[in-house]
Amino acid sequence: MNGISIWSMVGLGFGTALGFAGVFGGLGGFLLVLVLGVVGLLVGRAVAGEIDLAGVWDSLGNSRKRPTA
């Protein structure tokens, strides 16, 4: 693609979607698209094997169980 990375194109698409959501859906639509985009990113990276969601979930659970001094 002549020097344009795929992540640049993904970022452009996501930014455009957020812009349209903000214009036509207001703040609620903007936040909905933002949250769903982040969830989609996490799921995609987990499916690709780039992150381990079980490990992340376990580390979050363990940090809540630490006793406070």
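Located above this text is the structure these notes cover.
Residues numbered from 1 in each chain as written. Predicted model: local features only at pLDDT ≥ 70, side-chain atom pairs only at ≥ 80, totals over all residues. Heavy atoms only, no water.

> So what about helix H1 (residues 6-47)? Which residues, and what values?
Given a rise of 1.5 Å per residue, 42 residues ought to cover 62 Å, yet the end C-alpha atoms of H1 are separated by just 18 Å, more than 12% below that figure. Along H1, the sharpest change in direction is near 145° and occurs at Gly 25. Count one or two residues on from H1 and you reach Gly 49, which has phi positive near 85°. (Helix = DSSP H or I, 4+ residues; strand = E, 2+ residues; numbered from the N terminus. Expected span 1.5 Å × (residues − 1). Bend = angle between axes of the 7 residues up to and from the residue.)

> Requested: an account of the packing of aromatic side chains, with residues and values cited.
For the structure on display, the rule yields 1 aromatic pair. Ring plane angle 10° and centroid distance 6.0 Å describe the contact between Phe 20 and Phe 24, whose orientation is recorded as stacked. Taken together, the residues span about one helical turn, with Phe 20 and Phe 24 both in helix H1 at a distance of 4 residues. As far as burial versus exposure is concerned, Phe 20 and Phe 24 are alike and both exposed. (Phe/Tyr/Trp six-rings, centres within 6.5 Å; stacked < 30°, edge-to-face > 60°. Buried < 20%, exposed > 50% of the residue type's maximum accessible area, 1.4 Å probe, protein only.)

> Mind laying out a nonpolar patch on the surface, listing which residues take part and the relevant values?
On the surface, Leu 27, Phe 30, Leu 31, Leu 34, Val 38, Leu 42 and Leu 53 cluster together to form a nonpolar patch covering roughly 570 Å² of accessible area. When residues of the nonpolar patch are assigned to their parent elements, the largest contribution, 6 residues, is made by H1. Residue placement: Leu 27 occurs in helix H1. With a relative accessible area of 62%, Leu 27 lands in the exposed category. (Patch = residues over 30% accessible without salt bridge, like charges linked within 9 Å, V, L, I, M, F, W, Y side chains within 5 Å. Areas by Shrake-Rupley, 256 points an atom, 1.4 Å probe, with all protein chains shown as cover. Salt bridge = Lys/Arg side-chain N within 4 Å of Asp/Glu carboxyl O.)

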